[in-house]
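Residue-level listing of the chains:
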Amino acid sequence: MTTRTQAAAQFLTQLRHTQHDPQHWVNLIWPKDKMTGFETLAKRDLQRAFSAARIEPAASAATDVFESLLAALPNPILIDVARATAQELVIEAGISIKTRTEGTVKPRLSSEPSPCLSADEHLSLTLECVQPTVVDITIAPDRAVPAPIVVLNHHHQTRIDINVGARSRCTLVQLNHADAAVNLAQTVLHLHENSVVDSIVVNAHGATTLNLDHHIAEVHHNATLQQFQLDAAGWINRTRRDVHLLGAEASANVRALLAVSDQRHVHHYTQAVHHVKHTHSSQLTRGLGFENGKGSDQSVVHIKPFAAQSASTQSSRHLLIDESAQIHARPILEIFNHDVKASHGATVGSLDPQMAFYLRSRGLSQAQAQLLLQRAFWHQALPSTLTNELSSFIDDCLFRSVSAS
Amino acid sequence: MTDCLTIENLHANVAQKPVLNGLSLRIGLGEVHAIMGPNGAGKSSLSQLLAGKADYEVTAGSVNYLGRDLLGLSIEERACAGLFLGFQYPIEIPGVSNVYLLKAALNARRKQRGLPEVDAFDFLTLVKQHTSRMKMDEAFLHRGVNEGFSGGEKKRNEILQMLVLEPTLALLDETDSGLDIDALKVVAQGVNYARSPERSIVLVTHYQRLLDYIVPDYVHVLANGKIVRSGDASLARELEAKGYDWVLES
């Protein structure tokens, strides 16, 4: 089993291949002028690991996660990214996969950096890789895929480009598991016009993994994205999601659930960019803080000058189960047009003792009542379209987090 | 008659302020008692203290419930032993469905009695029967506990829970407050249905109107943290006519 110290050493080795000074990388990941309180702590934690501090990791439960996910999805269309080759492989009629290489993996829209990012921070998101590989998954136009498409991704330095053709409709379940010291995977989801995608992203990285994954979604005319992301594994997670609404009537409902504990820190960043008029976004994040957990949620809505009559909502709520937990909520609105609707709300608090009393007065034990209230809280983040089986799968992942804390 | 609850000389504080000052009360199994009194008399404090709410510090006295020291039991132990509190202000718990809570609560009580978990079909049949009795839509069962319910719906939901859980002692704290006349009749029908030689019911109320529909065996007046007068159902009518000052001044 890899200790965090070993993981940090592996990370340093990887960094040497990139011809960068490790400290330079750390500074890129966490630029000094942009650091939140959490990031200061996360950086300190990372540097402590670099200094060979002895920190025992929790066991990785990724195998269990795979099995329970597949049990929750009867007859899925399974796409293992590891199977991709330079030659196109047809998984099902209208669904194919292949690989290609690029000199450097760069995020889309890199020519239009967000004004909220410094040049260094933007650079940190280019996720440079030693041997950058792109895996293309293509869903042809006019396809209503009845079964869920499960994308299994073990790669830690790969970009996955998922193209959903015009007027197509599908459910995508992406399970990311990197047991490497650092995960720099990137996913770019393209929703072409009139397509509808239900996306579920589960980050189930190893207990010693520094996770820096990046999800980008490009939503075109009249396309609808509903995305739910679960961050309940990995060591230090700095996950980023950018949603670009590029066509009129494009819509994105972006949800996330994060759990932080002594074994797991999460910095969650979501940005919805309204590029054109009549676009709609909603962001909803729920966080659970267990003993000594540290986390932050930064939700950004950026409405560009030409994006009139757009609408956005943000809700960032976090529950501190233990007094020692810290979660910072930072809702940010950047609005450059007057004719829009935008709202936001953020709360950080603890369990309501009145609710616990009510449940206990019905016969539930204190532990049962607390768990039930925690579950009720995290269920607020789940999309209503989620099947009971997937909902139970998410519960299992969170129960694992709860019991490991 | 077998004693269900015996309270002797109970003194209690909340935030170091006395709320009960030597309260004594005996409730036999199968009896219906009404506790009336002016605002701030200690009626709700008594109900919540008996249910085990942590805010209350008992400074003297004893509470015996079916031969056990009630004050020595945790909140859930009291509930599993058959004590039920119908809340004056039932709290909303989004994300926990009514049906889930009912089943978990019923199974907790069954487990305490050494019984297996309730059969899913039997449970749903039972719940649907009582839902119909309380004139509630079955859709309520799948909504969050009291989530978005009107005041009347919340009170009906409390009685529904009581019917499903079949307690030995039901403390109904101002179950009539906020109810229109039709809802009051439905709630009263539910309570009357629950009357049994094996079940004691304590109605905490300000007004006599609830007692038009649920005729109690005994009526007590609680003032300044203790019982100042007890009588039969006629005492409630006398209070309605003369007011609480009549008791307090006499």
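Residues numbered from 1 in each chain as written. Chains lettered and ligands numbered in written order. Predicted model: local features only at pLDDT ≥ 70, side-chain atom pairs only at ≥ 80, totals over all residues. Heavy atoms only, no water.

Trainee: Explain the nonpolar core to me, please; I cannot follow it from the model alone.
Mentor: For soluble globular proteins, nonpolar side chains are generally found buried alongside one another. Ranked by internal contacts, the top residues of the largest apolar core, which has 93 residues, are L5(B), I7(B), L23(B), L50(B), I93(B), L172(B) and L203(B). Considering each element in turn, this core owes the most residues, seven residues, to helix α6 (residues 181-194) of chain B. Those residues in contact with I7(B) that lie beyond four places of it in its chain are L23(B), S24(B), L25(B), L46(B), L50(B), S62(B) and V63(B). Grouped together as the second largest cluster of nonpolar side chains are 31 residues, A72(A), L175(A), F228(A) and C397(A) included. (Core = buried A, V, L, I, M, F, W, Y, C linked by side-chain atoms within 4.5 Å. Buried < 20%, exposed > 50% of the residue type's maximum accessible area, 1.4 Å probe, protein only. Helix = DSSP H or I, 4+ residues; strand = E, 2+ residues; numbered from the N terminus. Contact = heavy atoms within 4.5 Å.)

Trainee: Which parts of the structure should I look at to understand the interface of chain B and chain A?
Mentor: Bring the parts together and some accessible area is lost; that lost area is often taken as the interface size. The interface is formed by 31 residues belonging to chain B together with 16 residues belonging to chain A. In total, chain B and chain A occlude about 2,000 Å² of area from one another, counting both sides; carbon and sulfur atoms represent 69% of this. At the boundary of chain B and chain A, one finds two salt bridges. A salt bridge links E76(B) to R360(A); the nearest nitrogen and oxygen atoms lie 2.7 Å apart. Elements supplying a minimum of two residues to the side of chain B that touches chain A: α1 (43-51), α2 (75-80), β6 (83-86), β7 (93-97), α3 (98-112) and α5 (151-165) of chain B. With six residues, α3(B) is the single largest residue contributor to the side of chain B that touches chain A. Residue composition of the side of chain B that touches chain A, by class: 20 nonpolar, six polar and five charged. (Buried area = accessible area lost by both parts, 1.4 Å probe. Salt bridge = Lys/Arg side-chain N within 4 Å of Asp/Glu carboxyl O. Nonpolar A, V, L, I, M, F, W, Y, C, P; charged D, E, K, R; others polar.)

Trainee: Which parts of the structure should I look at to understand the packing of α3(B) against α5(B)?
Mentor: A pair of packed helices can be characterised by two numbers: the angle between their axes and the separation between those axes. All names here are of chain B. The N-to-C vectors of α3 and α5 enclose an angle of 35 degrees; their axes lie 10 Å apart at closest approach. Handedness of the α3/α5 crossing: right-handed. Within the contact between the two elements, α3 uses N98, L101, L102, A105, L106 and R109 and α5 uses N157, L160, Q161, V164 and L165. In terms of residue class, the contact of α3 with α5 is built from seven nonpolar, three polar and one charged. (Axes fitted to C-alpha atoms, helices over the stretch in contact; angles between N-to-C directions. Left-handed = near helix turned anticlockwise from the far one by under 90°.)

Trainee: What should I look at first to understand the pattern of salt bridges in this one?
Mentor: Side chains that differ in charge, positive against negative, can pair when their charged atoms come close. Residue and element names in this part refer to chain A. Within the structure shown, the criterion is met by 15 salt bridges over all chains. R100 is paired through a salt bridge with D161; the nearest N and O atoms lie 3.3 Å apart. Here D161 lies in strand β6 (residues 158-164) and R100 lies in strand β3 (residues 95-101), a separation of 61 residues in the sequence. With a relative accessible area of 29%, R100 lands in the partly exposed category. We classify D161 as buried; its relative accessible area is 1%. Here the residues in one salt-bridge network are R100, D136, R159 and D161, joined through shared partners.

Trainee: Got a minute to help me understand the confidence of the model for chain B in this structure?
Mentor: Low-pLDDT portions of the prediction should not be read for the details of their coordinates. Residues and elements named next belong to chain B. Per-residue pLDDT for chain B has a mean of 93; in total, 100% of the residues score no lower than 70. Within chain B, the element-level pLDDT minimum falls on helix α9 (residues 244-249), averaging 80, and the maximum on β6, averaging 97. Across the assembled chains, the prediction reports ipTM 0.96 with pTM 0.79. (pLDDT = per-residue confidence, 0-100.)

Trainee: It is not clear to me how the sheet that holds strand β21 (residues 341-349) of chain A should be interpreted in this structure. Could you clarify?
Mentor: Backbone-to-backbone hydrogen bonds join strands into a sheet, with any given pair of strands oriented parallel or antiparallel. All names here are of chain A. Ordered in space as β1-β5-β7-β10-β13-β15-β17-β19-β21, the nine strands form an open sheet in which the pairing is parallel. Two strands bound the open sheet, and with one partner strand each, they are β1 (77-80) and β21. Taken over all neighbouring pairs, the strand axes of this sheet differ in orientation by 10 degrees on average, direction set aside. With ten bridges connecting them, strand β17 (residues 280-289) and strand β19 (residues 311-320) associate as parallel partners. Considered in β19, the bridge of G287 is made with H318. Against the sheet, helix α7 (residues 366-379) makes contact with β15 (251-260), β17 and β19, and its axis sits at roughly 160 degrees relative to β17, the strand it touches most. (Pairing = 2+ DSSP bridges.)

Trainee: Where do I start with unusual backbone geometry in this structure?
Mentor: Most of the time, phi is negative for any residue but glycine, and the peptide bond is trans. Residues and elements named next belong to chain B. Phi is positive for A15, which is not a glycine, with a value near 50 degrees. Along the polypeptide, A15 turns up in the loop between β1 (3-14) and β2 (17-28). One non-glycine residue, K135, lies in positive phi territory at about 55 degrees. Here K135 lies in the loop between α4 (120-133) and β8 (144-145). Judged by its relative accessible area of 56%, K135 falls in the exposed class.

Trainee: Would you mind going over the pairing of strand β10 (residues 200-205) of chain B with me for this structure?
Mentor: Within a regular strand, the side chains alternate between the two sheet faces. Residue and element names in this part refer to chain B. Judged by how many residues are buried, β10 sits mostly within the fold: six of six residues are covered. Where burial is concerned, the two faces of β10 agree: the one with S200, V202 and V204 and the one with I201, L203 and T205 are both buried. The sheet contact formed by strand β3 (residues 32-36) and β10 spans five bridges and is parallel. If you follow V32 over to β10, its bridge partner there is I201. Taken together, the five bridges between strand β9 (residues 169-173) and β10 define a ladder with parallel strand orientation. The residue of β10 that forms the bridge with L172 is L203. On the question of chirality, the crossover connecting β9 to the parallel β10 by way of α6 is right-handed. (Right-handed = clockwise from strand over helix to strand, strands pointing away.)

Trainee: Please explain the pairing of strand β4 (residues 56-65) of chain B as it appears in this structure.
Mentor: All names here are of chain B. Of the strand pairs in this sheet, β1 and β4 are connected by eight bridges, and their pairing is antiparallel. Following the sheet pairing, V14 is matched in β4 by Y56. Two strands pair when backbone bridges link them, and β4 and strand β5 (residues 68-69) are joined in this way by two bridges, in the antiparallel orientation. By the bridge assignment, N64 is partnered in β5 with D69. Taking the residues that link successive antiparallel strands as the turn, the β4-β5 hairpin has two residues, and the phi of L66 there is positive, at about 50 degrees.

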